[in-house]
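Remarks on the overall topology
Residues per chain, in single letters:
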Amino acid sequence: MFEKTVVGVDDRQGGRDALALAAMLTAVTGGELVAVRAYPYEPRPSRASVGGFEQDMRADATAELDRIVAESGATARRIVFGDTSPARALHHVAEEEQADLLAVGSTHRGELGRVLVGSVTAGVLHHAPCPVAVAPLG
C-alpha cells in the first residue's frame, strides 16, 4: 500500500514514536522507509554560513539521526535536510522522494496513547504532499 514512507525523526519521544509507527507500517506493507532529520538552516548569507557552522549543524543532525535509527532497530535510508521550518523540510523531502505517506509524532505534552498536535505536526498537516500519519505518544 505504501511504497515509500517518509518519517520525521528527532530526539524527542514524538520523533521516536513516529519512527516506530513508520517502521511497523513499512514492515507490513514491504515499502521503503526514509528517516528524515531536519536541522535549522537558512540558505541566505548569515552568521550560520560563516566558519563552517552549517556543516557542523548538518554533521550533528546526521550523527543524531544515525544513533536514533540504530537504537530503534529500524532499517531506513537517512536524509538530513536544513530549513528554518521542520515542517517545510519534511514537505520538501516527501515531495522529492514521492512519498506515499509522511509520518510524524505527537507532542510530548499529550497523554500516553493519545495524539496531541504540536506546532511541527500542525505545519506538516497543512499542505502535506501526501497522507500523514500521526503517531500517538508512547
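The sections below set out a description of the structure shown in this document.

Scoring rules and cut-offs
Residues numbered from 1 in each chain as written. Predicted model: local features only at pLDDT ≥ 70, side-chain atom pairs only at ≥ 80, totals over all residues. Heavy atoms only, no water. Helix = DSSP H or I, 4+ residues; strand = E, 2+ residues; numbered from the N terminus. Buried < 20%, exposed > 50% of the residue type's maximum accessible area, 1.4 Å probe, protein only. Contact = heavy atoms within 4.5 Å. Areas by Shrake-Rupley, 256 points an atom, 1.4 Å probe, with all protein chains shown as cover. Salt bridge = Lys/Arg side-chain N within 4 Å of Asp/Glu carboxyl O. Core = buried A, V, L, I, M, F, W, Y, C linked by side-chain atoms within 4.5 Å. Pairing = 2+ DSSP bridges. Axes fitted to C-alpha atoms, helices over the stretch in contact; angles between N-to-C directions.

Examining the overall build of the chain
Looking only at helices and strands, one finds four helices and five strands in the chain. Overall, the chain shows an N-to-C arrangement of helices and strands of β-α-β-α-β-α-β-α-β. Within the chain, buried positions represent 41% of all 138 residues. For the chain, contacts bridging at least 24 residues in sequence account for 69% of all contacts bridging at least 6. Carbon and sulfur atoms make up 53% of the accessible area of the chain, which amounts to about 7,600 Å² in all.

Quick notes on the environment of S106
Structurally, the position occupied by S106 is in the loop between β4 (101-105) and α4 (119-125). Note: C-alpha distance between S106 and A18 (88 residues apart in sequence) is 8.0 Å.

Some details on the pattern of salt bridges
Using the criterion set out here, one finds eleven salt bridges in the structure. We note a salt bridge from D11 to R67, for which the minimum N-O separation is 2.7 Å. Residue D11 is found in the loop between β1 (4-8) and α1 (13-29), and its partner R67 is found in helix α2 (residues 53-72); the two are separated by 56 residues along the sequence. Take D11: its relative accessible area is 35%, and that puts it in the partly exposed class. With a closest N to O distance of 2.7 Å, R77 and E32 form a salt bridge. A residue pair is termed long-range when its members are at least 10 positions apart, and R77 in strand β3 (residues 77-82) and E32 in strand β2 (residues 32-39) qualify at 45 residues. For R77, a relative accessible area of 33% corresponds to the partly exposed category.

Some details on the nonpolar core
Soluble globular proteins: nonpolar side chains tend toward being buried together. Counting 16 residues, the largest nonpolar core has V7, V9, L19, L33, A35, L65 and V69 as its most contacted members. Counting residues per element, the ones that place at least two in this core are α1, β2 and α2. Every residue in contact with V7, bar those within four places of it in the chain, is listed here: A18, L19, A22, L33, V34, A35, V36 and A103. Residues A87, L90, V93 and V124 belong to the second largest nonpolar core, which totals 14 residues.

With respect to the sheet that holds β2
Taken in spatial order, the five strands line up as β3-β2-β1-β4-β5 in an open sheet, and their pairing is parallel. Sheet topology places β3 and β5 (132-135) at the edges, where each strand pairs with a single neighbour. This sheet shows a mean twist of 25 degrees between the axes of neighbouring strands, independent of strand direction. As judged from the six bridges shared by β2 and β3, these two strands associate in the parallel manner. Counted as the bridge partner of V36 is I79 from β3. Contacts between α1 and the sheet are confined to β1, β2, β4 and β5, with β1 contributing the most and set at about 170 degrees to the helix.

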